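Structure at a glance
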Amino acid sequence: MEKMSRAAVLLAPGKMETQSFPVSSPQKGAAVCRVLLAGICGTDKHSYRGETLQYKGTANEIDLPFPIIQGHENVMIIEEIDPEGSRHLEFDGAVLKPGDRVTLCPDVVCGTCYYCKNFPNYPWCEHLQFSYGNMRSCNDAHRLYGGFSEYIYIEPGTRLYKIPDELPDEMAVFTEVMCVTWTPDKAKEFNSFSLEGFNFGDTIVVQGAGPLGIAHIIKARMMGAGKIIATDISDYKLDLARQFGADIVLNVNRTTEAERIERVMQETRGLGADLAVECVGRPYVVPEGLKMLRKAGMYLEPGNFVDCGETGLNIHEICSKNLRIIGMSNHSHNGYRPCMEMMLREKNRFPWQKLISHRFRLDDTEKAIQTSMTDESMKVVIAP
Ligand SMILES: [Zn+2]
Ligand SMILES: [Zn+2]
């Protein structure tokens, strides 16, 4: 009998239902995986809300091709794999076999365009083939391209990463989010210029203490940050921010912008923060972040991955303070193994188990997404 997979299908923004799909046998270079755990990303929430425009202004500009199966932060186990896939799908060279646990980089690139050849550490491909959980409709080809599903079809050219045996699913599911913290690494490259970039002991403001904000707090702490200041509207999230290494937390609902900027000035001897990173995913927080920076400070922008519109900026302030703004779409795809090894090494240093606030079954995916949009949630996961 043909094997079937149930999956949560986003038919249109705000409209989700569980459907069944046949599971294809893996073709040359491909694999089929069973999903163990799939995290809900900020992008999934944006798509659910109808904010569906991505990669605007690039060759990959796309308005999501509904219906889609979401889910790109996936912990999976290999069910079936073609011999060629078993030799080529694992990014760090491991030979894969059924039963191996893996995670994936959602972006499948062409490998031949200008960016693939010249900037091999970022999936900035001009001809992005597709992105799991996001950019391919479940009407296409092998249909199962998202993690909110029992099974997922892995196409040739996908980058899989073998999960170390000792790393539990509940930590491995955080790998992709950790990889999105390559913004401070980029900032580090700039410290060869005097006073710029990320230097040991620097003060960093993290706007937004959801999973991406917490990941940045972890990363900044390990990279030698001095004071870490986190802002959010949720006391629950700010409390977690503290537990993961933030020194100062500011609730945006109980302080004014002027008070928050003043506090940053007090904490930095009147200079301003060295760095600020936007992890809210809303354009309107950017002007405040820029005001918190010192002269020649650096603003990191990984949060607005989805087009959420514009914001008013006084460009003179960028000029008058010699600010540098670094955008980062996606993440460094060679960061997966290092991030998993880091989590293993730092298992006892951070309260990783607190990152997953809710766990839902596949049939409750819509409820899971709605829960992930509340103030009292951190990483929400689907266990199909
Ligand atoms: Zn994501
Ligand atoms: Zn390319």
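Residues numbered from 1 in each chain as written. Chains lettered and ligands numbered in written order. Predicted model: local features only at pLDDT ≥ 70, side-chain atom pairs only at ≥ 80, totals over all residues. Heavy atoms only, no water.

Describing the coordination of the zinc ion (ligand 1)
Geometry reference: four tetrahedral donors at a metal, ideal angle 109.5 degrees. Six octahedral donors, ideal angles 90 or 180 degrees. At 2.1 to 2.3 Å from the zinc ion (ligand 1) lie its protein donor atoms, namely Cys41 (SG) and His72 (NE2). Taken together, the residues Cys41 in the loop between β3 (31-39) and α1 (42-49) and His72 in the loop between β6 (68-69) and β7 (73-81) connect sequence positions 31 residues apart. (Donors = N, O, S within 2.8 Å, 3.2 Å for Na, K, Ca; no water. Helix = DSSP H or I, 4+ residues; strand = E, 2+ residues; numbered from the N terminus.)

Structural notes on the domain arrangement of the protein
Structurally, the protein comprises domain 1 (4-178 + 332-382) and domain 2 (181-327). Each of domain 1 and domain 2 has a C-alpha centre, and the two are 28 Å apart. Each partner contributes residues to the interface: domain 1 has 32 residues there, and domain 2 has 26 residues. Between domain 1 and domain 2, a total of about 2600 Å² is buried, with carbon and sulfur atoms accounting for 66% of that surface. One can count two salt bridges joining domain 1 with domain 2. The closest approach of N and O atoms between Lys56 and Asp307, which form a salt bridge, is 3.4 Å. For the interface between domain 1 and domain 2, the tally reads six residue pairs in polar contact (both at pLDDT 80 or more). Those elements that place two or more of their residues in the side of domain 1 that touches domain 2 are α1, β4 (53-54), α5 (175-179) and α12 (336-345). In terms of residue count, the dominant contributor to the side of domain 1 that touches domain 2 is α1 (three residues). (Domains from an automatic or database assignment. Contact = heavy atoms within 4.5 Å. Buried area = accessible area lost by both parts, 1.4 Å probe. Salt bridge = Lys/Arg side-chain N within 4 Å of Asp/Glu carboxyl O. Polar contact = N/O pair within 3.5 Å; in protein donor to acceptor, adjacent residues only side chain to side chain.)

Here we look at the sheet that holds β6
With respect to topology, three strands assemble into an open sheet ordered β2-β1-β6, the strand pairing being antiparallel. At either margin of the open sheet sits one strand with a lone partner, and together these are β2 (15-22) and β6. Relative to β2, strand β1 (residues 4-12) is paired through eight bridges, and the arrangement is antiparallel. Counterpart to Ala7 in the pairing with β2 is Gln19. (Pairing = 2+ DSSP bridges.)

With respect to the coordination of the zinc ion (ligand 2)
The zinc ion (ligand 2) binds to the protein through Cys110 (SG), Cys113 (SG), Cys116 (SG) and Cys125 (SG), with metal-donor distances spanning 2.3 to 2.4 Å. The site at the zinc ion (ligand 2) holds four donor atoms, and with the angles between them running 100 to 119°, its shape is tetrahedral. Here the donor residues for the zinc ion (ligand 2) map to a single chain with the spacing C-x2-C-x2-C-x8-C. (Tetrahedral: all angles 85-135°; square planar, octahedral: opposite > 155°, others 65-115°.)

Quick word on the side chain of Thr365
Within the secondary structure layout, Thr365 lies in helix α13 (residues 365-372). Of note is the side chain of Thr365, whose polar atom sits 2.6 Å from the backbone oxygen of Leu362. Beyond its immediate sequence surroundings of up to four residues, Thr365 is in contact with Ala8, Met16, Phe148 and Ile382.

What about the nonpolar core?
Here is a general trend for soluble globular proteins: nonpolar side chains tend to be buried in one another's company. Core analysis: the largest hydrophobic core is formed by 59 residues, its most contacted members being Phe174 and Trp352. When residues of this core are assigned to their parent elements, the largest contribution, six residues, is made by helix α7 (residues 211-222). Lining this core are residues from two domains, each supplying at least three of them: domain 1 (4-178 + 332-382) and domain 2 (181-327). Beyond its immediate chain neighbours, meaning those up to four positions away, Phe174 contacts Pro211, Ala215, Ile218, Met343, Trp352, Leu355 and Lys379. (Core = buried A, V, L, I, M, F, W, Y, C linked by side-chain atoms within 4.5 Å. Buried < 20%, exposed > 50% of the residue type's maximum accessible area, 1.4 Å probe, protein only.)

Let's talk about the pairing of strand β18 (residues 324-327)
For a regular strand, side-chain orientation follows a simple rule: the groups alternate between the two sheet faces. Both strand β17 (residues 293-301) and β18 contribute to a ladder of four bridges, which runs parallel. The residue bridging Met298 from the neighbouring strand is Arg324, located in β18. The parallel pair β17 and β18 is bridged by helix α11 (residues 315-320), and the resulting crossover is right-handed. (Right-handed = clockwise from strand over helix to strand, strands pointing away.)

Details of unusual backbone geometry
Here the residue pair Phe66 and Pro67 is connected by a cis peptide bond, since its omega of 0° sits within 30 degrees of zero. Here Ala141, not a glycine, exhibits a phi torsion of approximately 35°, which is positive. Residue placement: Ala141 occurs in the loop between β10 (130-131) and β11 (151-154). Judged by its relative accessible area of 59%, Ala141 falls in the exposed class. Backbone geometry places Ala296, a non-glycine residue, at a positive phi of 60°. With respect to the secondary-structure elements, Ala296 resides in strand β17. Its relative accessible area of 15% is what places Ala296 among the buried residues.

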